[in-house]
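# Summary of the model geometry
One letter stands for each residue in the lines below.
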Amino acid sequence: MIKLENIKFILRKISIPPFILWTGANILLFCLLAIPVLAQQPTPRTNPVAPNTQYGPGRVNSNPASTKQNAPLIDKNAPVTLPANPLTGKDSVSRDSVQAASDFQTTVKYSSRDSSFFDNNTQTLELFGDAQVTYGDISLKADYIRLNYTTNEVFARGRYDSTAKKMVGLPVFKDGEGQYDTKEIRYNFKTKKGLIRGVVTSQGEGNIRGTNVKKDAEDNLYIRGAIYTTCNLATPHFHINAGKIKVVHNKQVVAGPFNLVINQVPLPIGLPFGFFPFPKKKDIGVSGILMPQYGEEPNGRGYYLRDGGYYWAVNENIGLQFKGQIYSRGSWGLGLTSAYNKRYSFSGNVDLRFNLNRSGDRIDTTQSPRKDFAVIWSHAPQSIGKRGTFSANVNISSNSFNQFNSFDQQRYISNVAGSSVQYSRSFGQYVRASANARVNQQFGQTNRVTNIRELGRTDASTNFNLGVNQIAPFALRGGSGRWYESFRVGFDFSGSAGVSNTIRRQLDTTGLGFRVVGRQAVSRVELIRDSLRRVEAIRQGQTVADPNLIAFNMANLPTILKNAQIEGRYSIPIGLPNLKLLRYINLTPGFSFSGDIYTKRLNYSYLGGDSVRVDTTKGLYTVYNFAVSASMNTRLYGTVFLRGKRLEAIRHTLAPSVSFSYVPNFSDPSFGFFQDLSMIPGLRPTQQRVSRFRGLGGTAGSSLPGASAFISFGIVNQLEMKVRTRDDTTGQPFRKISLFDNISLTGSYNLLAQEYPLSPLQLSANTQIFKNISFNFSSTFDPYAYRLFGGNYSYLFPGNAIPEYLQSPIITQPNFTRVNYYAIQAGQGLLRMTNMQAYLSTRLAPKSANKPKQSPNASDATMRSINANPDLYVDFNVPWTLNVSYTLGINKFTPTESSVIQALTLTGDFSLTPKWKFTFQSGYDFQAMSPSLTTIGISRDLHCWEMNFNWTPFAGSSFRASNYSFDLRARSAILQELKLSRRRTFYDRGGF
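Overview of the structure.

What counts and what doesn't
Residues numbered from 1 in each chain as written. Predicted model: local features only at pLDDT ≥ 70, side-chain atom pairs only at ≥ 80, totals over all residues. Heavy atoms only, no water. Helix = DSSP H or I, 4+ residues; strand = E, 2+ residues; numbered from the N terminus. Buried < 20%, exposed > 50% of the residue type's maximum accessible area, 1.4 Å probe, protein only. Contact = heavy atoms within 4.5 Å. Core = buried A, V, L, I, M, F, W, Y, C linked by side-chain atoms within 4.5 Å. Salt bridge = Lys/Arg side-chain N within 4 Å of Asp/Glu carboxyl O. Pairing = 2+ DSSP bridges. Disulfide = S-S within 2.5 Å. Phe/Tyr/Trp six-rings, centres within 6.5 Å; stacked < 30°, edge-to-face > 60°. Lys NZ or Arg CZ within 6 Å of the ring centre and 35° of its normal. Polar contact = N/O pair within 3.5 Å; in protein donor to acceptor, adjacent residues only side chain to side chain.

Once that is clear, we can look at the overall build of the chain. Each helix and strand in the chain was counted, giving seven helices and 59 strands. Residues classed as buried in the chain amount to 33% of the 992 residues present. Nonlocal contacts in the chain, meaning residues at least 24 apart in sequence, comprise 52% of its contacts between residues at least 6 apart.

For the rest of this paragraph, the subject is the nonpolar core. In this structure, I145, F189, Y228, I245 and F276 are the most contacted members of the largest nonpolar core, which totals 44 residues. By size, the runner-up hydrophobic cluster in this structure holds eleven residues, among which are L602, Y604, V612 and L677.

Take the pattern of salt bridges next. In total, this model carries 19 salt bridges according to the counting rule given. With its nearest N and O atoms 3.2 Å apart, the salt bridge here joins D143 to R159. Taken together, the positions of D143 in strand 5 (residues 138-148) and R159 in strand 7 (residues 159-161) put the pair 16 residues apart, joining distant regions of the chain. For R159, a relative accessible area of 22% corresponds to the partly exposed category. D941 serves as the salt-bridge partner of K915, at 3.7 Å between the closest nitrogen and oxygen. With K915 in the loop between strand 53 (898-913) and strand 54 (916-925) and D941 in strand 56 (residues 934-942), this pair connects stretches of sequence that are 26 residues apart. Judged by relative accessible area, which is 37%, K915 ranks as partly exposed. Members of the salt-bridge network, linked through shared partners, are D175, K215 and D219.

Another aspect to go through is the pairing of strand 51 (residues 832-844). Pairing of strand 48 (residues 773-782) with strand 51 involves ten bridges; the strand directions are antiparallel. Residue F781 lies in a different strand from strand 51, and its bridge partner there is M833.

The next subject is the state of the cysteines. Tallied over the entire structure, the rule returns zero disulfides. Not part of a disulfide, C231 finds its nearest cysteine sulfur in C944, a span of 3.6 Å. Assessed through its relative accessible area of 0%, C231 is described here as buried. Residue class for C944 comes out buried when judged on its relative accessible area of 5%.

Glancing now at the packing of aromatic side chains. Following the criterion strictly, the structure yields 29 aromatic pairs and no others. Ring centres 5.1 Å apart and planes at 80° place the aromatic pair Y756 and Y784 in the edge-to-face group. One end of the pair, Y756, is in the loop between strand 46 (734-750) and strand 47 (761-769); the other, Y784, is in strand 49 (residues 784-789), and 28 residues separate them in sequence. Exposure remark for Y756: the relative accessible area of 25% places this residue in the partly exposed category. An aromatic cluster is defined as three or more aromatic residues linked by ring pairs; in this entry it consists of Y570, F591, F593, Y624, F626, F666, F671 and F673. When the ring centre of Y327 is taken as origin, the NZ or CZ atom of R301, which lies over that ring, is 4.4 Å away.

What follows deals with the environment of L968. Along the chain, L968 falls in strand 58 (residues 963-970). Sequence separation between L968 and R982 is 14 residues, and the spatial gap between their C-alpha atoms is 9.2 Å. In this structure L968 touches L942, W945, E946, M947, L978, K979 and L980, once residues within four positions along its chain are discounted.

This part is about the environment of L647. Tracing the backbone through its elements, the reader meets L647 in strand 42 (residues 647-663). Among the residues examined, L647 registers a relative accessible area of 26% and is labelled partly exposed.

In this structure, N207 sits in strand 13 (residues 206-215). Here C231 takes part through its backbone oxygen, which lies 3.0 Å from a polar atom of the side chain of N207.

The phi torsion of most residues other than glycine is negative, and most of the peptide bonds are trans. Notably, Q264 is not glycine yet its phi reads approximately 65°, a positive angle. The topology assignment puts Q264 in the loop between strand 17 (258-262) and strand 18 (265-271). By relative accessible area, which is 44% here, Q264 ends up partly exposed. In this structure, Y756 is a non-glycine residue whose phi angle is positive, near 50°.

This is the structure in structure tokens:
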């Protein structure tokens, strides 16, 4: 053992200078500390991994038991965290000289399946076999990865598998939402720049492939030898081939000179540059130019550029489209379209259009142009937890807009439009308010000379309602069960104002019994006959003017406003306590007070004989009445047990109800509601007092003089059967099948009426037949007879047995009138049907057709639009559907005059193969004895392309020529202008 004294002796003999001793001591100390550390490091690799071989010399064995000196050797599956300083093994707060060599700002996580190798001299880490490196939101996977801490770079590539004879483990680089499949990649974590060879990356709806790629710090890509396509196959069906492409991160693709390649065949179709924007997931779209459609319209406006403009993606909640039209013969148009959506609040769309149309063989500025407009607005709220809701469904346009400017077939053939805007709000628990505005349009007839729709009718109205829900004033704090605590009272007030371009110059004299002087008078039967004559003339292609219609324009606005109808109504409903009679009968008494407010009133001036002059005065007039009522209802059951093989029983449910209401006599002239005309000779008692608000709406406008005591009755029937299930796997041995969901009969009888005490009877029924066939029926029956004035009525009463009360003197104009005798007394049967409506429909389809549509490749907004309008899209996953409906409507105005509507409609589709879809729509009008609008469609799924062919062989009218369209287009919305189209539309009158 060497002692300290011996060392001191030797040093004194040698006489070594002190500074040399100090230096030697430090070197010795460094060696003693460094040897244990160096002993743990493997021999540095001098040869890198040779390309296209499994691994090169110096590879670390993947078996931990064979080389225990390899400290960095990791577990095959567990991820390893590499400290920011690989030598110290910890993160130091202060940046010392060792840490300065690495600029990593967060922890680098790495793992490999086979082995890893760390070179301390070059600060390089190599990973072999299913290697993965994660740094923040950046991740890289490859068969081989080399990470350099000195240069902050990572390099990755795949490996050639000699068995499979292909490259495996190719690098997959992810940076946030972007993913890049490459052959080889070099990336700098500090500058965020990279060099990529052989890249495939998805951008928006498309994918980009290139030979050499540079990536900058802003995630923009600069690609040489690039192709851009929306086809996801390894060999795409089509692509855009460009020498250079720049991908602006999350915005667009900018291409240099490029040409189109279809099925690996280059086409001589190219452009010097191109912009391909792609939308973000949360955005409606990306702002950009909308390419116009071009063609020729042989309806007089010439060649056109249509629906071109600009799309502005304002934000993720709203987008705007500015569109325009221009025609070679002087016509032009402008439009603004917007779609908006605020999650959990509301959504909607707006479409504003204006067109100035000139027709002719040349531009003629002297002719008066036709101005057309359209306002379409749809707004739907999501009133979750809100007291107020606002909704709108607006469709207002000029009479000829759809005829000349609408390119949607359904709108083109439509002759009516309705619009409404509503707002409602509740205030606390009891108060509610609502307001709405409505516009109903009928676009009129097509003039044979000008070929323009004329004589359109427009009705506009607004309504307001304020109400207080019925409250129990004696039980505001819950009550204790006393009978009077169920006493309830409420309040309702409603007002309305309406204008129309239908100016009633003719006064309805039905049932008056005297002659009106100074105004054109006509009975209701004559009005019906005039309407039927005009309908028949329209069917024959004639144009018949309505004498009551004026144009709805600024010139006639004073006249329209002068004839505005303004009225109000109020009511105070009072609910009395409910009572039980004989345990099974519910008795509900009631009392109500109501009234009307008018701004006009009629004055009748007797002129002698049977002549009366009718004048209209303006002011504020109120009408009121009150009524007492009581109603009783119960429910009866009857069951017939059959005990058959499957049919167990049939049950009949009968729900009768009876109510009584009494309204006192308010026809005394002292109230001011009626006027006494008893001085006119020959009037019946019911004609001697006439309402001063006749024809002005409200209850006073249609009420009859005298008190009324109505007994209303109703019977509701339900019929169902109980059958045994075919198998008892469900645990239910029986199930119920409804035979008739509802068969009801209602009517009323006025005990105090001097004429026509029994009201018409209403019969209705509905049921489901075989689960998928819906049947609805309704009809009205009149119990009173009709009498013929003038003409020969022997066909109505065979022989000479004509009742005396039905005989009348011969009058020049034959007419029917309703008489106060039951039809059965006159030999006209028990009841006379006045109208009947029957509707039968069914939908046949597989069970999967009714499931909500889902697609991983579409946004939530797109899927909501598809599920809300399934008929506008083609679903290749549903093999077939068939919808059949039959409609029958009969209106009998008199015993000999009626109108009938009878039509059969068929719509459906079927898939001939998983890629072929056929659709059809047709029907038959039994009154016109001709097919209805018929369309046939063919769709072909071509993977990244789609083909559509639509043909209308029969449009139902000579005014609507048949049409066809053929479209072959790329399915991506980005390349929506990449298409081949050929069409002949319903407004094109050229040849096929």
